[in-house]
Amino acid sequence: VLEVASSENLPQNWWVPDDPPEAWLSGLEEMLQSVRLPPRNKKSGQTDILIANKLSISMVAIEAGDFKMGSHPVEANRHPDEGPQHPVTLSAFSLMTTPVTQRQWVSVMDYNPAHFSGDLDRPVEQVSWMDAIRFLNQLSRKLGKKPAYYLNAKDEVVWNPVSDGFRLPTEA
C-alpha cells in the first residue's frame, strides 16, 4: 500500500479543496499528529522482507482467483463507465500490510518528502505517482530484483510484466 498525494492522479469524482493548502493543512496536521501504524502482528501468510538493518516491510499473500468486474446492467445508480460486466482472473501476488512509512522511504530513497515529519514511523506523504514509481524501482534494485517500471521513448511509464520487482497495487 502506498499513499500517493497528488490531485492530478485522483479520480474525477474525488473532492479536492479549492482553498489554498495553508487553509486546510493546519487542521490536517493536527489530525495526522496522532496517526500511528498498528503494531505488526505476524499472521498466517504474512512475510517480512528486510530492506535495511533491522527494518522490514510486511507482505501478505493474496491468492489467485476469479471475479466479475463491473456492475450489473440493471443495478441502481449504475454509472455508464461501470460496464460491461466481465470476468477477471488475478494471479497470486503479495501486498504490503501497511502504508510505506517515512523510515522505510528514507532507507530506500535517502530523503524524506513528508510535510508531517518528526516521527519516522508515520506514513510517508507528499509523494507523487512518479515518486511512488521511483521508490518501487529503487526498492526492487536494493533487494536484487528487476524493476517493474521503465520509461519508454515518449517518457511514459511502462510496466514490465516479466520483472520480479515491486509495483503498485493497481498494477497487480
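Residues numbered from 1 in each chain as written. Predicted model: local features only at pLDDT ≥ 70, side-chain atom pairs only at ≥ 80, totals over all residues. Heavy atoms only, no water.

Participant: Let's hear about helix α3 (residues 129–142): which residues, and what values?
Facilitator: For α3, which comprises 14 residues, the first-to-last C-alpha distance of 20 Å matches the rise-based estimate of 20 Å (1.5 Å per residue) to within 8%. Taken as a whole, α3 has its buried residues at Asp131, Ala132, Ile133, Phe135, Leu136, Asn137, Leu139 and Ser140. Positioned one or two residues after α3, Gly144 has a phi angle of 75°, which is positive. (Helix = DSSP H or I, 4+ residues; strand = E, 2+ residues; numbered from the N terminus. Expected span 1.5 Å × (residues − 1). Buried < 20%, exposed > 50% of the residue type's maximum accessible area, 1.4 Å probe, protein only.)

Participant: Residues and numbers for the packing of helix α2 (residues 102–109) against α3, please.
Facilitator: When two helices pack together, their arrangement is given by the angle between the helix axes and by the axis-to-axis distance. Two elements in contact, α2 and α3, have axes whose closest approach is 9 Å; the angle formed by their N-to-C orientations is 65°. On the basis of their axis angle, the class for α2 and α3 is roughly perpendicular. In this structure, α2 meets α3 at a crossing whose hand is left-handed. Across from Gln104, Trp105, Ser107, Val108 and Met109 in α2, the residues of α3 making contact are Asp131, Ala132, Arg134, Phe135, Gln138, Leu139 and Lys142. Here the contact of α2 with α3 is built from residues that sort into 6 nonpolar, 3 polar and 3 charged. (Axes fitted to C-alpha atoms, helices over the stretch in contact; angles between N-to-C directions. Parallel < 35°, antiparallel > 145°, perpendicular 65-115°, else oblique. Left-handed = near helix turned anticlockwise from the far one by under 90°. Contact = heavy atoms within 4.5 Å. Nonpolar A, V, L, I, M, F, W, Y, C, P; charged D, E, K, R; others polar.)

Participant: Any details on the nonpolar core? Residues and values, ideally.
Facilitator: Buried together is how nonpolar side chains tend to be arranged in soluble globular proteins. Ranked by size, the top nonpolar core spans 20 residues in total, and within it Ile57, Trp105, Phe135 and Leu139 carry the most contacts. Contributions of two or more residues to this core are made by β2 (55–62), α2 and α3. In terms of residue count, α3 provides more of this core than any other element does, 5 residues in total. Apart from the residues lying within four places of it in its own chain, the contact partners of Leu139 are Ile51, Ile57, Val108 and Phe166. (Core = buried A, V, L, I, M, F, W, Y, C linked by side-chain atoms within 4.5 Å.)

Participant: Can you explain the pairing of strand β1 (residues 46–52)? Please cite residues and give values.
Facilitator: Pairing between β1 and β2: 6 bridges, direction antiparallel. Bridge assignment links Ile49 to a residue of β2, and that residue is Ile57. The hairpin turn running from β1 into β2, its antiparallel successor, is 2 residues long, and Lys54 in that turn takes a positive phi close to 60°. (Pairing = 2+ DSSP bridges.)

Participant: Pulling in residues and values, what's your account of unusual backbone geometry?
Facilitator: Following Gly83, the chain continues to Pro84 via a peptide bond in cis, the omega torsion being 0°. Phi is positive for Asn77, which is not a glycine, with a value near 60°. Within the secondary structure, Asn77 is located in the loop between β3 (65–69) and β4 (86–90). Backbone geometry at Gln126 places phi at a positive 70°, although glycine is not the residue there.

Participant: Describe in detail α2, supporting the description with residues and values.
Facilitator: Within an α-helix, residues lying three or four positions from one another point in the same direction, as the helix has 3.6 residues per turn. For α2, the buried fraction is high: 6 of the 8 residues fall into the buried class. Restricting attention to buried positions, one finds in α2 the residues Gln102, Gln104, Trp105, Ser107, Val108 and Met109. Lining the buried residues of α2 we find β1, β2, β5 (93–96) and α3. One or two steps after α2, the chain reaches Asp110, where phi turns positive at roughly 65°.

Participant: Pulling in residues and values, what's your account of the sheet that holds β5?
Facilitator: On the basis of which strands lie adjacent, the open sheet formed by 3 strands has the order β1-β2-β5 and antiparallel pairing. Each having just a single partner strand, β1 and β5 make up the two edges of the open sheet. The sheet shows a mean angle of 40° between the axes of neighbouring strands, taken without regard to direction. The pairing of β2 with β5 spans 4 bridges and is classified as antiparallel.

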